[in-house]
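Spelled out, the chains give:
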Amino acid sequence: MGFTYYLDTVFKHDFWAATCLYVTDDSQAEYPKVVIKSGRTHRFKCLPLHWLGRWMTSHECRIYERLESLPPLIPVYLGRLDATRFAMEYIDAKPLDHLEDPPEGFFDRLVKLFEAVHACRVAYVDSNKRSNILVRPNGEPCLIDFQISLRPNIITRWFMGYLMSKDIYHALKHKRRMAPTELRDNEVVASQRSGWLHKMHAVAATSYRRVRRKFLRKKYRSGQLHSPTADLETHIQPEKESWRD
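Residues numbered from 1 in each chain as written. Predicted model: local features only at pLDDT ≥ 70, side-chain atom pairs only at ≥ 80, totals over all residues. Heavy atoms only, no water.

Please explain the pairing of strand β4 (residues 77-82) as it appears in this structure.
Working note: regular strand, side chains alternate between the two faces of the sheet. Where β4 and strand β5 (residues 85-89) come together, four bridges link them in antiparallel fashion. Across the sheet, the residue bridging to arginine 80 is phenylalanine 86, located in β5. (Pairing = 2+ DSSP bridges. Helix = DSSP H or I, 4+ residues; strand = E, 2+ residues; numbered from the N terminus.)

Rendered as structure tokens:
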């Protein structure tokens, strides 16, 4: 990018990656604030995971390249920095899980956003997480974190339609829970029609989260899970609060 940037804030730091805000004082910079996502490079126990960080970075960069026509619905992709890091535009917005009353009409615009992503032949997949849906000051939605999003290939092409339908389902589910008075009659049914495969996944995911949080809480209380960047993690992370209590 040609400018010197300094680490300012750690938005998220988990097993898979670290997502951080970097800033520059150079007035010539087109993007005075950028977000850099760094894939995992450290071992887990005796297992080398640098390969995983490289693969996940390559995967997410390809998704951003496929969606290059969509900003401001998604951040501007600024390029890959090395094998495990890439940069994107910083979006001045609040995550949906930080708001109690989203702007009127927000979820209708969110559905259109997902439809635009689908038109690029990408299934977002992570739409159940409100923290991945940003609300701009003007009330427009923006999606971040395409880590587990999928493009069609010889394996995924068979269930891309299903995954895309789940993106819309979760958007309408959020609408039903956060803006019920805006829900149309046909959307009431659509927001509740999860399907048997979704229900099986929900049961498995609930059990996994319960075990995972219990494990992380134990590690945290024993002092084995204190992040070296904790002082920079000023962004509220409800997921982490679930095992830090």
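Sorry, what's going on with the pairing of strand β1 (residues 6-13) here?
Across six bridges, β1 lies against strand β2 (residues 17-23) in antiparallel orientation. Residue valine 10 lies in a different strand from β2, and its bridge partner there is cysteine 20. Connecting the antiparallel pair β1 and β2 is a turn made up of three residues.

Whenever I open this one, the packing of helix α2 (residues 106-119) against helix α3 (residues 160-178) confuses me. Can you help?
Working note: a packed helix pair is described by the angle between its axes plus the distance between those axes. Viewed as axis vectors pointing N to C, α2 and α3 meet at an angle of 170 degrees, and their least axial separation amounts to 10 Å. Regarding the angle of α2 to α3, the classification is roughly antiparallel. Along its contact with α2, which presents Phe107, Asp108, Leu110, Val111, Phe114, Glu115 and His118, the element α3 presents Met164, Asp167, Ile168, Ala171, Leu172, His174, Lys175 and Met178. (Axes fitted to C-alpha atoms, helices over the stretch in contact; angles between N-to-C directions. Parallel < 35°, antiparallel > 145°, perpendicular 65-115°, else oblique. Contact = heavy atoms within 4.5 Å.)

What am I meant to see in the sheet that holds β4 here?
With respect to topology, five strands assemble into an open sheet ordered β1-β2-β3-β5-β4, the strand pairing being antiparallel. Each end of this open sheet is capped by a strand with a single partner; those strands are β1 and β4. Across the sheet, the axes of successive neighbouring strands diverge by a mean angle of 25 degrees, strand direction being ignored.

Looking at this structure, I do not really get the environment of phenylalanine 86. What am I missing?
Along the chain, phenylalanine 86 turns up in strand β5. For phenylalanine 86, a relative accessible area of 1% puts it in the buried group. The sequence separation of phenylalanine 86 and isoleucine 36 amounts to 50 residues, and the corresponding C-alpha distance is 5.7 Å. Not counting residues up to four positions away in its chain, the partners in contact with phenylalanine 86 are Val35, Ile36, Lys37, Thr57, Glu60, Cys61, Tyr64, Tyr77, Gly79, Arg80 and Leu81. (Buried < 20%, exposed > 50% of the residue type's maximum accessible area, 1.4 Å probe, protein only.)

Honestly, the packing of aromatic side chains in this entry has me stumped. Any pointers?
In this description, a pair of aromatic rings is defined by centroid distance and the angle of the planes. Tallied over the entire structure, the rule returns 10 aromatic pairs. Judged by centre distance (5.2 Å) and plane angle (80 degrees), the rings of tyrosine 124 and phenylalanine 146 are edge-to-face. Placement of the pair is tyrosine 124 in the loop between α2 and β7 (133-135) and phenylalanine 146 in the loop between β8 (141-143) and α3, with a sequence separation of 22 residues. With relative accessibility at 0%, the residue tyrosine 124 sits in the buried group. An aromatic cluster is built from Tyr64, Tyr77, Phe86, Phe114, Tyr124 and Phe146, whose rings are joined through pairwise contacts. Its end group placed over the ring of phenylalanine 15, arginine 40 keeps NZ or CZ at 4.2 Å from the ring centre. For the cation-ring pair, lysine 166 lies above tyrosine 169, with the distance from its terminal atom to the ring centre recorded as 4.6 Å. (Phe/Tyr/Trp six-rings, centres within 6.5 Å; stacked < 30°, edge-to-face > 60°. Lys NZ or Arg CZ within 6 Å of the ring centre and 35° of its normal.)

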